[in-house]
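Chains, contacts and geometry: an overview
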Amino acid sequence: MKRKSILIALFIVSLLSAIGQKKDKVIVIKSDQNNAEYLYNDAVKSYNEKNFSEAIERLQLSIKENDTLPAPHFLLGVIHREMNKKQISIQSFLKYIELSTIKDTAFYIIAQIYNEENKPDSALMFLKSCTDHNPNFCQAHYLKGVINFEKSYYDEAIHHFSKAIEINSENSDVYNDRGSTYRLLEKYEDALNDYDKAIVLNKKAIYYNNRGSLKVKMEKFDEAIDDYTSAIVLDYNYYLAINNRGMAKLGIKDYTGAIHDFNLCLEKNKDYYASISNRGIAYYKIKKYKEAIEDFDYILTINPSDASTYLHRGNTKEMIRDNEGACQDWQKAAELGIEEAKKYIKNQCEN
Amino acid sequence: MKKIWFSVFFISIIFYAFPQNVEFSRIAFPDNKKELRTALSNIKKGDKYYNKNLDYRAALQHYQKAYEFNPNNAGLNYKIFLCYNNFDNKEEGFLYLKKAFSLDSNYNPAINFHIGTMYQYFYSFDTAIYYYEHSGPSMKTKSNVHINECYLGKKMIENEIRCFIDNLGSKINSDADEYNPVLTADGNTLYFTSRRGGKNIDYAPDGKYYENIYMSTKDENGQWQQAVLVEELCTKTHDAVQGISNDGQKIIIYRNDNNGDLFEAFKKGNKFTKPKSIKAINEESSHETSASYSFDQNTIYFCSDRSNSIGKHDIYTVSKNRRGKWDKSKVSNLGNVINTREDERSVFAHPDGKTIYFSSKGHEGMGGFDIYYSKLENGKWSKPVNLGYPVNTPGDDVYFVMSTDGKQGYYASDQAGGFGGRDIYMITFLGPEKRFDYKTEDNLLANAIKPFLDNKSIKSIEVEAPKLTLLKGTVIDEDTKKPLHAIVDLYDLKENELLATFETNEETGRFLLSLPSGKNYSVNINKVGYLFFSQNFDLPDTASYQEIEQTLELIKIQVGKEIVLNNIFFEFNKATLLPESMSELDNVYKLLVDNPDIKVEISGHTDNVGSAAYNKKLSQERANSVVNYLIKKGIKNERLIAVGYGFDKPIAPNTTEEGRQKNRRTEFKVIE
């Protein structure tokens, strides 16, 4: 009996960690002396030992013995999800929902699976069911926020992130994500408050990076550079932050410093073409047109349909008085959809 | 900040390396009394040349002789600096100034200030600020002005404007000074002032050759040809070109007479007439310099330091009276938006009719004269805008002219790499920075795997091209095809006002008009014995820059000859004459008065929209309206016949709107 209780307790802990839920409802399985429960408890043990096939076998036997027990269906759902058999997983959770009175976590997991399957509308439907059953299911509100963000429904996203924060004000990720949403809505002061809060709760490189990028938007380049530096100190290989710091240095016309950062970024990730492009622009700014063209040429060998790089190379050729070359590049940029290039052609090439 | 301290430290080391001040005295040179006397005599002679004759080159020669005897006198080094500074050899002069400072930093209360100006001139703004801040109390006010210039200079360099600056080459520039470039509105003829030597050209008191006027034209490849002296405009002394009319038929030059006066000459064939003093402008005791014609040649902008000026030289305008003469009573100061307590010089009125470019020491700039522009909007001059670096520098930037299309500027500069002295350069403006898309990515969501791409663009601002039409034409005889010397009248049709009258060149028959957008113009070309030619240019405010080149054939007044009256307008589908027709009708009236023996047919024509009967009726009524107007003005009834042809005589296909517009017309035909 004691052994069984321990196994059940272990299962609950593992389940919670599997769904990433912190303070939500716990599924409690009452221990009886019947065979179905023995089989279930054996399955929990196999699951914990990562012996999924044995666990599935035990669970199927358990269900055969007594198909009214919800817990085996739940565990089957969890195992199939881990085995990436998402449809079977969903079927198992749905069966669990049919049998159980405590449904919120299962709805949430199904929503997670649909979201992973890139079916945001289905995910939102199950998240709604989840929060209908349990309005305080914090992670469900958060996920609703994330899905709405990705669908570019920023006002909706803010509503759900705010709900999640109402329930749990200690989750730094939610503050970060709401801050990013405000940033896209150009509500920079609100965004700054959220990033500040996220950093107070948890000093993550990503939060510093995001606050840095916000400050670039607010043209507070020096403060942005400080934030990017903090991000890089926390994660020396955070090449995005290094590239972004280079960008901020362009903002204060520290072109040499910017080139240094773009080079450092490329040391961390030699295939990060954005940094090569930015470095080309920085070379342009310090009138090193040959080096700038070399960078733009390189990007075009990798991606011959990069419209903005044609634009940049055309702009650079203009400065070395290669008007013909500039016009050809602007023409290509225009063909690839850059409107400004058409104006340049009209003003400088049609004579 | 580190940089400043390093420079100051470095300079201090240099200064301490110099020896101490040595006076020109018997105590200092007890054994060289004769040489001392000679040196003192040279300094005295140098002072005389410097102060009385303003001949800095001769002054320098004497000072240098004294310098050979005693190079370690602060005062002498300072004087040599002033000489070099006065003929713009600042590099050389600065060496002597630094030495003067090292020998005796208190020699002159202005010495810190002068060192500041030199560092400012050489773009070392931080070091300049240091010296200005250490200038004596007497220089405080001036120093503060310069400190502001240094801060602004730093900003202007950070925001450098995009342009190419090209020397106009050896066919224009020489090892002497060239400056004051002025161009005709078509950009094909350049006049400028040079201090180069040549046959019968003497030295001026300042040690350079006298100023003379040169001219160059572009060849078929757009290259400047070898500049030639414009002999008929030049005298034995200073003759400097100041302004040229858009068509190149009138020129304003500067001569030294009466403290500096302005003269005007007109082109007859290939030569200018003898320049005559512009009495409405020139005042005996004041210095008149720099002048530019307005687009319609009815106004001259000029600079003068006359008694009622706000500062030193101010910019003024003078207009013509009813008789077409420059009128002294129509001189007015441009006001305190343009003119400051400091100097304003070298004004240039753009052919767009509303923009002036000028140099000033009084508006915000980076030192010396900077070049600004201002626009006349609703009768008021806008706040002058600095043209920015590198057009403007810490030195004197003057005599800037902008091409008609606003894409090129011309000015003189003594920048390195030239042919010597000041050279004429062309600035090609590339417009604001082009668009660049910076690529930056963030992990906006804490748990998202893919970063969020955020392209940041720096978008360019549209360059506002001057809004005007440049009409270039040649008037010839219809039969002989020979050029004609004719009168070109420019009317504002809406106001029924004669804006300006021009003449075609006697030899070439050419004319050039600048028509600023925002008016409905009629251009009428007249010559005695010929039917006039009229054209309509309805240019709304938004009409962008265009150049039109035409050959216009004037038709002799003979029976059977006809012209289209392009500026007669009627209400839509009616025969009521619009007010815009009055100028044209008055020209028809004048033609009939001047030629009392002719009898004419006024005919109305339509396009083919609508029935033949309707169009015939409408055209007949319109011809009647014209004839009735002329009869009311006093032309005898029997000299006029009104005929409506409807759409029977099209002159263009009726298949396009352009063609239909041409067909809707009124014609004038000599029938007897």
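Rules used throughout
- Residues numbered from 1 in each chain as written.
- Chains lettered and ligands numbered in written order.
- Predicted model: local features only at pLDDT ≥ 70, side-chain atom pairs only at ≥ 80, totals over all residues.
- Helix = DSSP H or I, 4+ residues; strand = E, 2+ residues; numbered from the N terminus.
- Buried ≥ 20, exposed ≤ 12 C-beta atoms within 10 Å, placed from the backbone.
- Contact = placed C-beta atoms within 7 Å.
- Domains from an automatic or database assignment.
- Nonpolar A, V, L, I, M, F, W, Y, C, P; charged D, E, K, R; others polar.
- Pairing = 2+ DSSP bridges.
- Axes fitted to C-alpha atoms, helices over the stretch in contact; angles between N-to-C directions.
- Parallel < 35°, antiparallel > 145°, perpendicular 65-115°, else oblique.
- Left-handed = near helix turned anticlockwise from the far one by under 90°.
- Core = buried A, V, L, I, M, F, W, Y, C linked by C-beta atoms within 7 Å.
- pLDDT = per-residue confidence, 0-100.
- Expected span 1.5 Å × (residues − 1).
- Arc of directions from axis to C-beta.

Here we take up the overall build of chain A. Regarding its fold elements, chain A presents 20 helices and zero strands. Once the C-alpha set of chain A is aligned to its principal axes, its extents read approximately 90 × 40 × 35 Å. Residue burial in chain A is summarised as follows: out of 351 residues, 46% are buried. Partitioning the contacts of chain A with sequence separation of at least 6, the portion at a separation of at least 24 is 43%.

Next up on the list: the overall build of chain B. On a plain count of helices and strands, chain B comes out with 11 helices and 36 strands. Overall size of chain B, expressed as C-alpha extent along the three principal axes, is 115 × 85 × 45 Å. Out of the 672 residues belonging to chain B, those deemed buried represent 43%. Across chain B, every contact between residues at least 6 apart in sequence was considered, and the portion connecting residues at least 24 apart equals 57%.

Our focus in this paragraph is the domain arrangement of chain B. Much of the literature gives interface size as the accessible area that the parts lose upon coming together. Residue and element names in this part refer to chain B. By the assigned domains, chain B splits into domain 1 (2-158), domain 2 (236-429), domain 3 (467-556) and domain 4 (559-672). Taking the mean C-alpha position of each, domain 3 and domain 4 sit 21 Å from one another. Counting residues at the interface gives 15 residues for domain 3, matched by 12 residues for domain 4. Among the secondary structure elements, those contributing two or more residues to the side of domain 3 that touches domain 4 are β29 (519-526), β31 (533-539) and β32 (546-556). Among the elements that line the side of domain 3 that touches domain 4, the one with the most residues is β31, at four residues. Here the side of domain 3 that touches domain 4 is built from residues that sort into six nonpolar, seven polar and two charged.

Once that is clear, we can look at the sheet that holds strand β11 (residues 288-293) of chain B. Residue and element names in this part refer to chain B. In spatial order, the strands read β11-β12-β13-β14; together these four strands make up an open sheet with antiparallel pairing. Of all strands in the sheet, those bounded by a partner on one side alone are β11 and β14 (326-333). Direction aside, the axes of adjacent strands within the sheet are offset by 30° on average. Inspection of the sheet shows strand β13 (residues 314-320) paired to β14 by four bridges, in the antiparallel sense. Bridged to Y316 within β14 is N333.

Further remarks concern the interface of chain B and chain A. The interface is formed by 19 residues belonging to chain B together with 27 residues belonging to chain A. Counting residues per element, the side of chain B that touches chain A draws most heavily on strand β23 (residues 436-442) of chain B, at seven residues. Taken together, the residues of the side of chain B that touches chain A sort by class into seven nonpolar, four polar and eight charged.

What follows concerns the sheet that holds strand β5 (residues 228-229) of chain B. Residues and elements named next belong to chain B. Spatially, four strands are ordered β2-β3-β4-β5 in an open sheet, and the strand pairing comes out antiparallel. Strands with a single pairing partner mark the edges of an open sheet, and in this sheet they are β2 (178-183) and β5. As defined by bridge partners, strand β3 (residues 189-194) adjoins strand β4 (residues 212-217) across six bridges and the pair is classed as antiparallel. Note on β4: the bridge partner recorded for T193 is I213.

Here we come to the packing of helix α2 (residues 35-48) of chain A against helix α3 (residues 52-65) of chain A. Residues and elements named next belong to chain A. At a minimum axis distance of 8 Å, the contact between α2 and α3 shows a crossing angle of 165°. Compared by their axis directions, α2 and α3 come out roughly antiparallel. Regarding α2 and α3, the two cross each other, and that crossing is left-handed. Contacts between α2 and α3 involve N35, A36, L39, Y40, D42, A43, S46 and Y47 from the first element and F52, E54, A55, R58, L59, L61, S62 and E65 from the second.

Residues and elements named next belong to chain A. Ranked by size, the top nonpolar core spans 91 residues in total, and within it L75, I110, A111 and L127 carry the most contacts. Here this core gets eight residues from one element, more than from any other, and that element is helix α6 (residues 104-116). Taken together, domain 1 (1-102) and domain 2 (103-194) each give at least three residues to this core, which thus spans both. Setting aside chain neighbours within four positions, we find L75 in contact with A43, V44, Y47 and L59.

So, on to the pairing of β11(B). Residue and element names in this part refer to chain B. Burial within β11 is extensive, with six of its six residues counted as buried. Here β11 runs beside strand β12 (residues 299-304); their pairing, made up of five bridges, is antiparallel. Note on β12: the bridge partner recorded for T289 is C303. Linkage of β11 to β12, two consecutive antiparallel strands, is achieved through a turn of five residues, within which Q297 is found at a positive phi near 60°.

This part covers the pairing of strand β28 (residues 510-516) of chain B. Residues and elements named next belong to chain B. Counting buried positions along β28 gives six out of seven residues, so the element sits mostly inside the fold. Sheet analysis places strand β25 (residues 468-477) next to β28, joined by seven bridges and oriented antiparallel. In the strand pairing of β28, L471 is matched with L513.

It is worth spelling out the confidence of the model for chain B at this point. Residues and elements named next belong to chain B. Taken as a whole, chain B shows an average pLDDT of 89; of its residues, 95% reach a score of 70 or greater. The spread of mean pLDDT over the elements of chain B runs between helix α1 (residues 2-17), the lowest at 48, and β4, the highest at 97. The low-confidence segment residues 458-463, where pLDDT is below 50, has 13 contacts with residues more than four positions distant or belonging to other chains. Here the predicted complex carries an ipTM of 0.80, next to a pTM of 0.75.

Residue and element names in this part refer to chain B. Its place among the elements puts M215 in strand β4. Residue class for M215 comes out partly exposed when judged on the 19 C-beta atoms lying within 10 Å of it. Sequence separation between M215 and P181 is 34 residues, and the spatial gap between their C-alpha atoms is 9.5 Å. In this structure, M215 is in contact with T189, L190, Y191, A227, V228 and V230, ignoring residues within four places of it in sequence.

This part is about the packing of helix α16 (residues 273-285) of chain A against helix α17 (residues 289-302) of chain A. Residue and element names in this part refer to chain A. At a closest axis distance of 7 Å, the pairing of α16 and α17 adopts a crossing angle of 155°. Taken together, the axes of α16 and α17 lie roughly antiparallel to each other. Relative to α17, α16 is oriented so that their crossing is left-handed. From α16, Y273, I276, S277, R279, G280, Y283 and Y284 reach across to α17, where they touch Y289, E291, A292, D295, F296, Y298, I299 and I302. Here the contact of α16 with α17 is composed, by residue class, of 10 nonpolar, two polar and three charged.

The next subject is the environment of A:A248. Residue and element names in this part refer to chain A. Of note, A248 is situated in helix α14 (residues 239-251). Along the primary structure A248 and K45 are separated by 203 residues, whereas in three dimensions their C-alpha atoms are 54 Å apart. Once residues within four sequence positions are removed from consideration, A248 is found in contact with G212, V216, F221, A224, I225 and Y228.

Turning next to helix α11 (residues 188-201) of chain A. All names here are of chain A. Its 14 residues give α11 an end-to-end C-alpha distance of 20 Å, which sits within 8% of 20 Å, the value for a rise of 1.5 Å per residue. Burial in α11 covers these residues: A191, D194, Y195, A198 and I199. End-on view of α11: buried residues confined to an arc of 135°, all on one side of the axis. Facing away from the buried surface of α11 by more than 90 degrees, the exposed residues are E189 and V200. Next to the buried residues of α11 lie α10 (172-184) and α12 (205-217).

Before going further, it helps to examine unusual backbone geometry. For the bond from B:Y389 to B:P390, the omega torsion is 10°, close enough to zero to count as cis. Mapped onto the fold, B:P390 is located in the loop between β19 (385-386) and β20 (401-402). Unlike most non-glycine residues, A:E186 shows phi in positive territory, near 60°. Structurally, A:E186 can be placed in the loop between α10 and α11. Residue class for A:E186 comes out exposed when judged on the 9 C-beta atoms lying within 10 Å of it. Unusually for a residue other than glycine, B:N573 sits at a positive phi of about 60°.

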